[in-house]
Amino acid sequence: MRILLLGGTTEASRMARALADARRPAIFSYAGRTEAPAAQPIPVRIGGFGGPEGMAAYLRDHAISHVIDATHPFAARISANAVAACRAAGTALVALERPAWAPVPGDDWTRVPDADAAAAALPETPAAVFLAIGRQSLQPFAARDQHRYLLRLVDLPEALPIPNAEAVIARGPFTTEDDLALMRAHGITHVVAKNAGGSGARAKLDAARALRLPVVMIDRPAIPARPVLGTVEEVTRWLAHAGVPAGSGPAGTERGE
Ligand code: NAP
C-alpha cells in the first residue's frame, strides 16, 4: 500500500510530517509552480501528471492505494482530476481541506464568484488595492487601470501583468502586525482576497478589519463531490481505519514525470 499526497499548501506539509513520523509509505507531489518549493520529509515528485488519464496511469504504475488531496482550495483542476483518476484506478481518495473564512463583526466583505467579478467590484474612482491573490488570477485587474495595486507574490515575475503595480515578494504565514504595517505604508484603501481559509493568510483580513477597509472576497471554485476531512489528525485516523501499514518509502526527488 502506498500514499500519494498532492501538495502545495501548509496543510500538505503538515500531513507529510505526520506520514513521515508514522513511517507510512508515501510520496509528495508538487505542481512545480514555485522556484524553491519547501523541502519535505518524504520522497517528492514534481510536475503535472498529464490530466486525469495521466494521473490514473501514475496511480496504477506506482501501486498507489490512497490519495490525499491537500492542494489549495482554489486549485480546482488538480482536485477534479484526482476525483476522476481515483475513480478510474479504483484508488481511495480523501481531501484535506481547511474550512473557508467567514466574516466576523467589523468585517466589510463583498463576496464575488471569481477574479473577473472581483475586478468589477472595485470602485470606479481610483483606489489603492492590496491584491494578495497569487500570480495566476491577476489579468482581470489590468483593465481597471485607474487603480494603484500592491501585489504579494511568492516569486518575482519577469514582468508585472498589470499596470500601476508594485510587488512585494513574500511567503506566508503572515502576521497581522506586519500586514497592518504593509497596508499603512502603501496607503491601501481596498483588499482583494481569495477565500483560502486557514491561518497562514488570514492576517490581511484582520488588518483590514482593524483599518476599517473594505474587502472583496473571492469565493472558492466548485469541486466535484469527494470525501473531505479538515485536519491532519482526521486524515491520519482515516488511513489507520483503511489499514495503511507503517513502513518507509524510498528517498529522493523525481522531477517532471
Ligand atoms: P490547478 O489549476 O488545479 O492545476 C493545474 C495543473 O497543474 C493540473 O491540471 C496539474 O497538471 C498540475 N498540478 C496542480 N497541482 C499539482 C500537484 N500537487 N502535483 C502535480 N501536478 C499538479 O492548480 P493551480 O491553481 O495552478 O495550483 C498549482 C499548485 O499550487 C497546486 O498544487 C496548489 O496546491 C498550489 N497553490 C495554489 C494556489 C491557488 O491559489 N490556486 C495557492 C497556493 C498554492 P496535470 O493536469 O498535467 O496533472
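Residues numbered from 1 in each chain as written. Predicted model: local features only at pLDDT ≥ 70, side-chain atom pairs only at ≥ 80, totals over all residues. Heavy atoms only, no water.

1. Some remarks on the overall build of the chain
Working step 1: Helices and strands together make up the secondary structure of the chain, namely 7 helices and 13 strands.
Working step 2: Here the C-alpha radius of gyration of the chain, 20 Å, is about what a compact globule of 257 residues would show, namely 18 Å.
Working step 3: Taken along the three principal axes of its C-alpha coordinates, the chain extends 60 × 35 × 30 Å.
Working step 4: Among the 257 residues that make up the chain, the fraction classed as buried is 45%.
Working step 5: Considering only residue pairs separated by 6 or more positions, the chain has 66% of its internal contacts joining residues 24 or more positions apart. (Helix = DSSP H or I, 4+ residues; strand = E, 2+ residues; numbered from the N terminus. Rg over C-alpha atoms; globule rule 2.2 N^0.38 Å. Buried < 20%, exposed > 50% of the residue type's maximum accessible area, 1.4 Å probe, protein only. Contact = heavy atoms within 4.5 Å.)

2. A word on the site of the ligand
Working step 1: What surrounds the ligand is a group of 22 residues, the closest being Ser29, Phe49, Gly50, Ile78 and Lys194.
Working step 2: Taking Ser29, its side chain carries an N or O atom lying 2.7 Å from a nitrogen atom of the ligand.
Working step 3: Every element with two or more residues in the shell around the ligand is listed here: strand 2 (26-30) and helix 3 (76-89).
Working step 4: Of the residues belonging to the shell around the ligand, the class tally is 7 nonpolar, 11 polar and 4 charged. (Near = heavy atom within 4 Å. Polar contact = N/O pair within 3.5 Å; in protein donor to acceptor, adjacent residues only side chain to side chain. Nonpolar A, V, L, I, M, F, W, Y, C, P; charged D, E, K, R; others polar.)

3. A short note on the layout of surface pockets
With a probe scaled to a water molecule rolled over the atoms, the places where space remains empty come into view.
Working step 1: Of the pockets and cavities examined, the second largest pocket occupies roughly 220 Å³.
Working step 2: As for the second largest pocket, its lining consists of 14 residues, and the residues nearest its centre are Thr10, Glu11, Arg14, Gly198 and Ser199.
Working step 3: Looking at the lining of the second largest pocket, the element that brings in the most residues is helix 1 (residues 10-21), giving 3 residues.
Working step 4: Each residue belonging to the lining of the second largest pocket can be placed in one class, and the counts come to 4 nonpolar, 6 polar and 4 charged.
Working step 5: Looking at the lining of the second largest pocket, you find at least three residues from each of domain 1 (3-99 + 222-255) and domain 2 (109-218). (1 Å grid on protein atoms, 1.4 Å probe; cavity = no way out; pocket = protein on both sides within 12 Å on 5 of 7 lines; lining within 4 Å. Points joined across faces, edges and corners; volume = space filled by probe spheres on them. Domains from an automatic or database assignment.)

4. A look at the pairing of strand 7 (residues 128-132)
Consecutive side chains along a regular strand alternate between the two faces of the sheet.
Working step 1: Along strand 7, 5 of the 5 residues are buried, which leaves the element largely enclosed by surrounding structure.
Working step 2: Side chains Ala128, Phe130 and Ala132 project from strand 7 onto one buried face, and the interleaved Val129 and Leu131 project onto a second face that is buried too.
Working step 3: Where strand 7 lies against strand 8 (residues 148-153), 4 bridges are found, and the strand directions are parallel. Considered in strand 8, the bridge of Ala128 is made with Arg148.
Working step 4: Pairing analysis gives 4 bridges linking strand 7 to strand 10 (residues 190-194), with the strands arranged parallel. (Pairing = 2+ DSSP bridges.)

5. Some words on the pattern of salt bridges
Working step 1: Under the counting rule described, the total for this entry stands at 11 salt bridges.
Working step 2: Its salt-bridge partner being Arg220, residue Glu97 comes within 3.6 Å of it at the nearest N-O pair. Separated by 123 residues along the polypeptide, Glu97 in the loop between strand 5 (92-96) and strand 6 (109-112) and Arg220 in the loop between strand 11 (215-218) and strand 12 (228-229) bring together distant segments of the chain.
Working step 3: The exposure class of Glu97 is partly exposed, given its relative accessible area of 24%. (Salt bridge = Lys/Arg side-chain N within 4 Å of Asp/Glu carboxyl O.)

6. Observations regarding unusual backbone geometry
Working step 1: Of note, the amide linkage connecting Gly172 to Pro173 takes the cis form, showing an omega dihedral of 5°.
Working step 2: Residue position: Pro173 is located in the loop between strand 9 (165-169) and helix 5 (176-185).
Working step 3: A positive phi angle, close to 50°, is found at Ala63, a residue other than glycine.
Working step 4: Tracing the backbone shows Ala63 in the loop between helix 2 (51-61) and strand 4 (66-69).
Working step 5: Judged by relative accessible area, Ala63 falls into the exposed class, the value being 54%.

7. Remarks on the sheet that holds strand 8
Working step 1: Strand order in this open sheet of 6 strands is 6-11-10-7-8-9, and the pairing throughout is parallel. Unpaired on one side and paired on the other, strand 6 and strand 9 mark the two borders of the sheet. Strand-to-strand twist across the sheet, computed as the mean angle between neighbouring axes with direction ignored, equals 20°.
Working step 2: Packed on one face of the sheet, helix 5 meets strand 7, strand 8, strand 9 and strand 10 and runs near 150° to strand 8. (Axes fitted to C-alpha atoms, helices over the stretch in contact; angles between N-to-C directions.)

8. Description of the environment of Leu229
Working step 1: Tracing the sequence through the fold places Leu229 in strand 12.
Working step 2: Other than its neighbours up to four places away in sequence, Leu229 contacts Val94, Ala95, Leu96, Glu97, Glu234, Val235 and Trp238.

9. Overview of the side chain of Asn81
Working step 1: For Asn81, the location among the structural elements is in helix 3.
Working step 2: On the accessibility criterion, Asn81 (15% relative accessible area) is buried.
Working step 3: Ignoring any residue separated from it by four or fewer positions in sequence, one finds Asn81 in contact with Gly51, Pro52 and Met55.

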